[in-house]
Amino acid sequence: MSELILEVKDLVVDFRTDRGKITAVNGVNLEVYKGKTLGIVGESGSGKSVTALSVMGLIQKPTGNVSGGEILYRGENLLDKSVDDMRHIRGNKIAMIFQEPMTSLNPVFTVGNQIIEVLELHQSHLSKAEMADKAVDMLRLVGIPSPEQRFQEYPHQLSGGMRQRVMIAIALACEPDILIADEPTTALDVTIQAQILDLMNKLQKELGMGIIFITHDLGVVAETCDDVAVMYCGRIVERADVQTLFKDPKHPYTIGLMDSIPSFDSTQDEHKARLRTIEGMVPSLFELPSGCSFQDRCPRVIDECRGAKGVPVLSNYKADHKVSCFNPSH
Amino acid sequence: MNLWAYVLRRLLYVIPVILGVCFIIFILFNVFSPDPALLLLGKHATASQIVELRRELGLDRPWILQYLDIVKSAFTFDFGRSWSTKQEIFYMIKQGAVPSLTISLPSFVIASTVALSISLLVAYFRGKFIDKAGVFLCVALMSISSLAYILFFQWLLAYKWGMFPIAGFESGFPDFIEYIMLPLIIWLILSLGGDVRFYRTVILDEIYQDYVRTARAKGVGERVILFKHVLKNAMIPIITQIVIQIPFLILGALLLEAFFSIPGLGGMTLSAINSSDFPVIKAMTILSAIAYIVFSVITDVLYTVVDPRVRLS
């Protein structure tokens, strides 16, 4: 097993809203290893992005608040760090890229300027010329053609895929231990998606960082991740390595997600099976049912799920395969 | 395309706009207004007197020539003479511009700087007590009539405490300073509420953009985010707001000049309106139109400097 660099323990994140308090993340545990990719899968509102922002220390107070748990980066709890200490970690040791490449870069600064900014913050020992050289190198590293010219251009002169490459260049400029990628390919064309995923895989091999890959696309998970955590309504419902999860999913929600991937199976060509979907809607965080949050949509629901036994606990189904379900699939 | 070629082309576009503005002014003054000859001569004028005066004023000539007179004055600034004072209007404007600008320029610069600083401060503490108190104060300031401020401060600061003269004007440094203090304070209070609210909204619009989240993820501090990333993006609406006010500075502050007996352009325009001094009113109308056009060109040019997305085409 490679080195453990990040450990999230029993993380709880609340948000105050006009309609009252909601718990967006409720007791999440995660581990990120050097050189490995952890996928977090789930629908919108499942708490995957909030988990990522908590690791970055970017939950905006006073609306949001990390009210419980620990985030241990190389053994140190990030939740205890001062604002200034966290600034030295963000973008330096832990970097993040986002879903919206079109709007995530500052429109009034050049691409080069925006890469240099992160170097100025975290590698101030470099001279101006060295920073500019390094910025061009980063653009070359992420596969941007004629990097010297792109260096001087503004974000609006670049395509979405190119902008996401620039975001990756910014994120990796300080060679972080951990890269958090929050749906980095969702807004891109499919061909560009594949290029970006290839790029991330390649750079991970070269630089050896751990990646937290947030997505709702299981196809992308299969391609990029080593371990997977499936989230639903703020909790992790199933955790396993990627092979186990795809071969032998246990939680009815995971199975539902797998079934909703369109497959191209030649044996079924005659009587094409209709794409299956998960019935119903994600419950609102304001009115979660007692017991399992998934009970109303679950095909395997039994009496225990309705609240008498409380919320199902994430427990070992096998070694390295955890499920939180009273009636997991066999 | 380079910047100077762009500026030159924008200035060439100004010419047809000025011709159009002159046409509207011509329609307003020569077609829709009462006959100035009747106004000047009063009720008991004889027909021959009216014909005589109309010829003297050039009102009997073809309309096209009268229109060209206006166009000519727009380009040469030769507006003829005032009917009531018989002075050269251009000279009158030059005379009035000094006190007007002595009041309006420092007031405007100080008010804009203060408003922008306060709005950056409340934006930094958004959602906190300072922000809420600031917004409340802005609304309160805006809700009180400007006359109330003028009278109250004239009474308190000038009459009661004797800090400044109640009214009047003296040109030349440093004599003018004590005369402009009171109008300046009132100008500041009058503009602060609206300006701070506007700038604050513009800045907060930017603070919730995705690029700010990226900057935070890079480890940029909140202060640098506000002053570097947000402020540069907020510059377009801020520049518009500031530059578009400048033409009004040249025209002088009508109300303040009237209440503080300042012999500026605002007062001159008011008395011209009262005495139906058409050439002066016409001159001020042309001048304000030109100022407005010129400063909108300046705004456009500044956009291209601030925002790389604005193309020079």
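## Focus: the domain arrangement of chain B
Interface size is commonly expressed as the accessible surface area that is lost when the partners come together.
Residue and element names in this part refer to chain B.
Item 1. Per the domain assignment, the segments making up chain B are domain 1 (16–76) and domain 2 (90–306).
Item 2. Between the C-alpha centres of domain 1 and domain 2 the distance comes to 36 Å.
Item 3. Across the contact, 12 residues belong to domain 1 and 9 residues belong to domain 2.
Item 4. Contact between domain 1 and domain 2 buries roughly 940 Å² in total, counting both sides, with carbon and sulfur atoms accounting for 89%.
Item 5. In terms of surface lost to domain 2, no three residues of domain 1 exceed Ile 18, Ile 25 and Phe 29, which account for 46% of the buried area on that side.
Item 6. At the boundary of domain 1 with domain 2, the tally comes to 0 salt bridges.
Item 7. Summed over the shared surface of domain 1 and domain 2, the number is 0 residue pairs in polar contact (both at pLDDT 80 or more).
Item 8. Counting only elements with at least two residues in the side of domain 1 that touches domain 2, the list comes to α1 (3–31) and α4 (63–76).
Item 9. Per element, the largest residue contribution to the side of domain 1 that touches domain 2 is 6 residues, and it comes from α1.

## Quick word on the pattern of salt bridges
Residue and element names in this part refer to chain A.
Item 1. Applying the stated rule across the entire model yields 29 salt bridges over all chains.
Item 2. Here Glu 3 makes a salt bridge to Arg 74, at a shortest N to O gap of 2.7 Å. Within this pair, whereas Glu 3 is found in the segment before β1 (4–17), its partner Arg 74 is found in the loop between β4 (64–73) and β5 (76–77), the two being separated by 71 residues in sequence.
Item 3. When the shortest N-O distance is used, the salt bridge between Arg 306 and Asp 296 registers 3.7 Å. Highlighted residues: Arg 306 in the loop between α11 (252–259) and β11 (315–318) and Asp 296 in the loop between α11 and β11, separated in sequence by 10 residues.
Item 4. Arg 306 gets classed as partly exposed once you look at its relative accessible area, which sits at 43%.
Item 5. Asp 296 gets classed as exposed once you look at its relative accessible area, which sits at 61%.
Item 6. By sharing partners, the salt bridges in this structure join Glu 3, Arg 74 and Asp 177 into a single network.

## Thoughts on the packing of α4 of chain B against helix α14 (residues 278–306) of chain B
Residue and element names in this part refer to chain B.
Item 1. Where α4 meets α14, the closest approach of the two axes is 10 Å, and the angle between their N-to-C directions is 60°. Taken together, the axes of α4 and α14 are oblique relative to one another. The chirality of how α4 crosses α14 is right-handed. Two secondary-structure elements touch here, α4 through Ile 70, Ser 73 and Ala 74 and α14 through Lys 282, Ile 286 and Ile 290.
Item 2. Looking at the contact of α4 with α14 residue by residue, the classes come out as 4 nonpolar, 1 polar and 1 charged.

## A short note on the sheet that holds β1 of chain A
All names here are of chain A.
Item 1. In spatial order, the strands read β2-β1-β4-β5; together these 4 strands make up an open sheet with antiparallel pairing. Unpaired on one side and paired on the other, β2 (20–33) and β5 mark the two borders of the sheet.
Item 2. Relative to β2, β1 is paired through 11 bridges, and the arrangement is antiparallel. If you follow Leu 4 over to β2, its bridge partner there is Tyr 33.
Item 3. Here helix α1 (residues 48–56) sits on the sheet and contacts β1, β2 and β4; the angle it forms with β1, its principal contact strand, is near 110°.

## Quick look at the pairing of strand β8 (residues 210–215) of chain A
All names here are of chain A.
Item 1. Among the 6 residues in β8, 6 count as buried, and that is most of the element.
Item 2. Both strand β3 (residues 37–41) and β8 contribute to a ladder of 5 bridges, which runs parallel. Across the sheet, Ile 40 pairs through a bridge with Ile 214, a residue of β8.
Item 3. Two elements, strand β7 (residues 178–182) and β8, share 5 bridges in a ladder whose sense is parallel.

## A closer look at the interface of chain B and chain A
Item 1. Opposite the 19 residues of chain B that make contact, chain A presents 25 residues.
Item 2. The contact between chain B and chain A buries some 2100 Å² in all, and 57% of this surface belongs to carbon and sulfur atoms.
Item 3. Looking at the side of chain B facing chain A, the largest losses of area belong to Arg 213, Lys 218 and Pro 308 of chain B, adding up to 29% of the total buried there.
Item 4. Of the charged contacts in the structure, one is a salt bridge between Lys 228 of chain B and Glu 117 of chain A, with a shortest N-O distance of 3.0 Å.
Item 5. Of all the secondary structure elements, the ones that give two or more residues to the side of chain B that touches chain A are α9 (210–218) and α10 (222–243) of chain B.
Item 6. When residues of the side of chain B that touches chain A are assigned to their parent elements, the largest contribution, 7 residues, is made by α9 of chain B.
Item 7. Of the residues that constitute the side of chain B that touches chain A, the class distribution is 5 nonpolar, 5 polar and 9 charged.

## Digging into the layout of surface pockets
Item 1. Quantified by volume, the largest pocket comes out at close to 1700 Å³.
Item 2. Around the largest pocket sit 50 residues that line it, and Gly 57, Leu 58, Ile 59, Gln 60 and Lys 61 of chain A are the ones nearest its centre.
Item 3. Residues that form the lining of the largest pocket fall into these classes: 21 nonpolar, 15 polar and 14 charged.
Item 4. Of the volumes computed, that of the second largest pocket is approximately 790 Å³.
Item 5. Put simply, the parts of the chain that give the lining of the second largest pocket at least two residues each are α1, α3 (47–57), α4 and α14 of chain B.
Item 6. Take the lining of the second largest pocket: its biggest share by element is 7 residues, from α4 of chain B.
Item 7. Counted by class, the lining of the second largest pocket contains 13 nonpolar, 7 polar and 9 charged residues.
Item 8. Three or more residues apiece are contributed to the lining of the second largest pocket by two domains, here domain 1 (16–76) and domain 2 (90–306) of chain B.

## Concerning the side chain of Gln 123 of chain A
All names here are of chain A.
Item 1. Structurally, the position occupied by Gln 123 is in the loop between α4 (111–122) and α5 (128–141).
Item 2. Relative accessible area serves as the criterion here: at 14%, Gln 123 is assigned to the buried category.
Item 3. Not counting residues within four places of it along the chain, the set of residues in contact with Gln 123 comprises Val 118, Met 131, Lys 134, Ala 173 and Cys 174.

## As for a nonpolar patch on the surface
All names here are of chain B.
Item 1. A cluster of nonpolar residues, Leu 3, Val 294, Ile 298, Leu 302 and Val 305, forms a patch on the protein surface that exposes about 340 Å² of accessible area.
Item 2. The dominant element in the nonpolar patch, judged by the number of residues it contributes, is α14, at 4 residues.
Item 3. By secondary structure assignment, the location of Leu 3 is in helix α1.

## Details of the domain arrangement of chain A
All names here are of chain A.
Item 1. When cut into domains, chain A gives domain 1 (4–232) and domain 2 (239–264 + 271–323).
Item 2. On a C-alpha basis, the centres of domain 1 and domain 2 stand 28 Å from each other.
Item 3. With 25 residues of domain 1 at the interface, the matching set in domain 2 holds 20 residues.
Item 4. With both sides pooled, the region where domain 1 packs onto domain 2 buries about 1900 Å², and carbon together with sulfur makes up 65% of that total.
Item 5. Seen at the junction of domain 1 and domain 2, the total is 2 salt bridges.
Item 6. Applying the counting rule to domain 1 against domain 2 returns 6 residue pairs in polar contact (both at pLDDT 80 or more).
Item 7. The element contributing the most residues to the side of domain 1 that touches domain 2 is β2, with 7 residues.
Item 8. For the side of domain 1 that touches domain 2, a count of residues per class yields 14 nonpolar, 6 polar and 5 charged.

Conventions used here
- Counting from 1, residues in each chain are numbered in the order their sequence is written.
- Chain labels run from A onward and ligand labels from 1 onward, assigned in the order the entries are written.
- Only residues with pLDDT of 70 or above have their local features reported here, since the model is predicted, and side-chain atom pairs are shown and tallied only from 80 upward, although totals for entire chains, interfaces and linings are computed over all residues.
- Side-chain measures were taken over the full set of non-hydrogen atoms in the model, leaving aside hydrogen atoms and water.
- Where each domain starts and ends follows an automatic or database-derived domain assignment.
- Contacts were defined at the residue level, with two residues in contact if any of their heavy atoms lie within 4.5 Å.
- Here the buried area means the combined drop in accessible surface, using a 1.4 Å probe, for two parts upon being joined, counting both sides.
- By definition here, a salt bridge exists when the distance from a side-chain nitrogen of Lys or Arg to a carboxyl oxygen of Asp or Glu is within 4 Å.
- Distance and chemistry together define a polar contact, namely a pair of N or O atoms within 3.5 Å, with one atom able to donate a hydrogen and the other to accept it when in protein, and with adjacent residues in sequence counting only for side-chain atoms on both sides.
- Labels follow the DSSP assignment, with helices taken as runs of H or I lasting at least four residues and strands as runs of E lasting at least two, numbered in each case from the N terminus.
- Exposure is judged per residue with a 1.4 Å probe applied to protein chains only, and the accessible area is read against the type maximum: over 50% gives exposed, under 20% gives buried, and values in between give partly exposed.
- Orientation is described by axes fitted as lines to C-alpha atoms, over the contacting stretch for helices, and by angles from 0 to 180 degrees between their N-to-C directions.
- We call two directions roughly parallel when the angle between them is under 35 degrees, roughly antiparallel when it is over 145, roughly perpendicular when it lies between 65 and 115, and oblique otherwise.
- Helix crossings fall into two classes, left-handed where the near helix is turned counterclockwise from the far one by less than a right angle and right-handed where it is turned clockwise.
- Residues are grouped as follows: nonpolar covers Ala, Val, Leu, Ile, Met, Phe, Trp, Tyr, Cys and Pro; charged covers Asp, Glu, Lys and Arg; every other residue, Gly included, is treated as polar.
- For two strands to be treated as a pair, DSSP must find at least two bridges joining them.
- Only protein atoms enter the 1 Å grid used here. Points where a 1.4 Å probe fits but cannot escape make up a cavity, open sets with protein on both sides within 12 Å along at least five of seven lines make up a pocket, and a residue lines them when an atom lies within 4 Å of a point.
- Grid points are joined across faces, edges and corners, and a volume is the space filled by probe spheres set on the points.
- Patch criteria: residues need more than 30% relative accessible area and no salt bridge. Like-charged residues are merged within 9 Å; nonpolar side chains of Val, Leu, Ile, Met, Phe, Trp and Tyr are merged within 5 Å.
- Accessible areas in this description were obtained via Shrake-Rupley with a 1.4 Å probe; residue shielding takes into account the shown protein chains only.

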